Amino acid sequence: PPPPGVNRREWIKKYSQEAAEADAKSQAAQPKAESALAESFSNLSRMKAAATAIKKDPALWRSVGLAGVYNVPGFAGADVEAKIESLKAKTAFSALQAMREASKTGGALGSITEKELSLLESHIAALNTKQSAGAFRKSLDDLIKYVDGAENRLKAGFKSTYPGVKIPDFEVPASTQIPTGAVDW
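Thresholds, definitions, all that
Residues numbered from 1 in each chain as written. Predicted model: local features only at pLDDT ≥ 70, side-chain atom pairs only at ≥ 80, totals over all residues. Heavy atoms only, no water. Core = buried A, V, L, I, M, F, W, Y, C linked by side-chain atoms within 4.5 Å. Buried < 20%, exposed > 50% of the residue type's maximum accessible area, 1.4 Å probe, protein only. Contact = heavy atoms within 4.5 Å. Helix = DSSP H or I, 4+ residues; strand = E, 2+ residues; numbered from the N terminus. pLDDT = per-residue confidence, 0-100. Phe/Tyr/Trp six-rings, centres within 6.5 Å; stacked < 30°, edge-to-face > 60°. Axes fitted to C-alpha atoms, helices over the stretch in contact; angles between N-to-C directions. Parallel < 35°, antiparallel > 145°, perpendicular 65-115°, else oblique. Left-handed = near helix turned anticlockwise from the far one by under 90°. Nonpolar A, V, L, I, M, F, W, Y, C, P; charged D, E, K, R; others polar. Expected span 1.5 Å × (residues − 1). Salt bridge = Lys/Arg side-chain N within 4 Å of Asp/Glu carboxyl O. Bend = angle between axes of the 7 residues up to and from the residue. Polar contact = N/O pair within 3.5 Å; in protein donor to acceptor, adjacent residues only side chain to side chain.

Undergrad: Where do I start with the nonpolar core in this structure?
TA: One recurring pattern in soluble globular proteins: nonpolar side chains tend to sit buried together. If you look at the biggest cluster of nonpolar residues, it comprises 22 residues, and the most contacted ones within it are Ile54, Leu87 and Phe136. For Ile54, the contacting residues outside a window of four places in its chain are Leu60, Val80, Lys83, Ile84, Leu87, Phe136 and Leu140. Of all hydrophobic cores here, the second largest spans five residues; its members include Leu37, Phe41, Tyr162 and Ile167.

And the structure:
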């Protein structure tokens with residue numbers, strides 16, 4: 001109902017016009033939001049696939065803890081170590097992108113130092129190779145749970161903004177999935 005002393009017809013007209021303008025803005029922003037959602041799901045899916053592949057890799061034990069100190073280039077342990085470094089970069093840039101998107105201007109962070117980048121790598125899960133294989137697998141599980149939760153939060157946010165729009169199932173194409181298992185030399 002309109003506030004006291006306000007013409008009901010004028011108030012309804014103004015309210016309807018404001019609602020129609022807000023709806024038009026929301027509809028205009030929908031393609032961009034769908035594209036951002038697809039990109040986010042793609043990045044999260046790749047991160048989850050990488051974490052799962054590392055977790056299942058039979059050579060993981062050669063890359064963490066004391067055994068990780070003696071990785072020989074060209075062998076399975078070094079291969080897993082490279083995958084871990086790639087996963088660390090994915091988590092750091094995911095955290096960095098989230099902070100940039102949370103900033104109104106997108107550039108509030110400025111340049112990032114190596115120390116800050118290292119902290120961002122640990123933001124989601126502790127992926128330090130000095131841990132035991134069991135502790136490292138637990139960290140990978142934490143990362144996978146984080147990704148699942150992030151996907152659910154993204155879906156919920158999109159549904160609340162665009163209630164009538166069906167969210168497509170975002171699958172990582174087979175060509176971008178990381179193969180599991182490695183030759184253990």
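Once the structure has been displayed, the description carries forward.
Undergrad: Looking at this model, I keep getting lost on the environment of Leu127. Mind explaining?
TA: Its place among the elements puts Leu127 in the loop between α3 (114–121) and α4 (133–161). Judged by its relative accessible area of 3%, Leu127 is buried. Once the C-alpha coordinates of Leu127 and Leu143 are considered, the two residues, 16 residues apart in sequence, prove to be 9.2 Å apart. Sequence-distant contacts of Leu127, that is, excluding residues within four places in its chain, are made with Ile84, Leu87, Lys88, Thr91, Phe136, Ser139 and Leu140.

Undergrad: It is not clear to me how the confidence of the model for the protein chain should be interpreted in this structure. Could you clarify?
TA: For residues with low pLDDT, the predicted coordinates do not support detailed interpretation. Averaged over all residues, the pLDDT of the protein chain equals 77, while 81% of them reach at least 70. When the elements of the protein chain are averaged for pLDDT, α3 gives the smallest value, 72, and α4 the largest, 89. Contacts from residues 172–185, a stretch scored under 50 in pLDDT, to residues over four places away or in other chains number 25 contacts.

Undergrad: For this particular structure, what's the right way to read the packing of aromatic side chains?
TA: Two descriptors summarise a pair of aromatic rings, namely the distance from one centre to the other and the angle between the planes of the rings. For the structure on display, the rule yields one aromatic pair. A centroid spacing of 5.0 Å and a plane angle of 45 degrees characterise the contact between Phe158 and Tyr162, whose relative ring orientation is tilted. By relative accessible area, Phe158 is classed as buried at 6%. The class for Tyr162 is buried, based on a relative accessible area of 7%.

Undergrad: Before we go on, may I ask you to explain the packing of helix α1 (residues 8–56) against α4 in this structure?
TA: A pair of packed helices is captured by two measures, namely the crossing angle of their axes and the spacing between those axes. Running from amino to carboxyl end, α1 crosses α4 at an angle of 165 degrees, the nearest separation of the two axes being 10 Å. Between α1 and α4, the crossing angle belongs to the class labelled roughly antiparallel. α1 and α4 meet at a crossing whose hand is left-handed. A class-by-class count of the residues in the contact of α1 with α4 yields 15 nonpolar, five polar and eight charged.

Undergrad: For this particular structure, what's the right way to read α4?
TA: In an α-helix there are 3.6 residues to a turn, and that puts residues three or four apart on one side. The terminal C-alpha atoms of α4, which comprises 29 residues, lie 42 Å apart, in line with the 42 Å expected from a rise of 1.5 Å per residue. For α4, the complete set of buried residues consists of Ala133, Phe136, Ser139, Leu140, Leu143, Ile144, Val147, Gly149, Ala150, Glu151 and Phe158.

Undergrad: Please clarify how the pattern of salt bridges should be interpreted in this entry.
TA: Counted according to the given criterion, the structure contains five salt bridges. When the shortest N-O distance is used, the salt bridge between Asp141 and Lys55 registers 2.5 Å. Remark: Lys55 occurs in helix α1 and Asp141 occurs in helix α4; sequence separation between them is 86 residues. Looking at Lys55, the relative accessible area reads 29%, which means it is partly exposed. For Lys88, the salt bridge is made with Glu85, and the minimal N-O distance between the two is 3.4 Å. Taken together, the positions of Lys88 and Glu85, both in helix α2 (residues 76–102) and three residues apart, correspond to about one turn of that helix. On the basis of relative accessible area, Glu85 is assigned to the partly exposed category, the value being 40%.

Undergrad: How do you make sense of α1 when you look at a structure like this?
TA: Approximately 40 degrees is the largest bend angle found in α1, and it occurs at Gln30, with the proline Pro31 only one to four residues beyond. Those residues of α1 that fall on the buried side of the exposure criterion are Gln30, Leu37, Phe41, Leu44, Ser45, Met47, Ala49, Ala50, Ala51, Ala53 and Ile54. The backbone nitrogen of Arg9 has a side-chain oxygen 2.8 Å away, supplied by the residue at the start of α1, namely Asn7.

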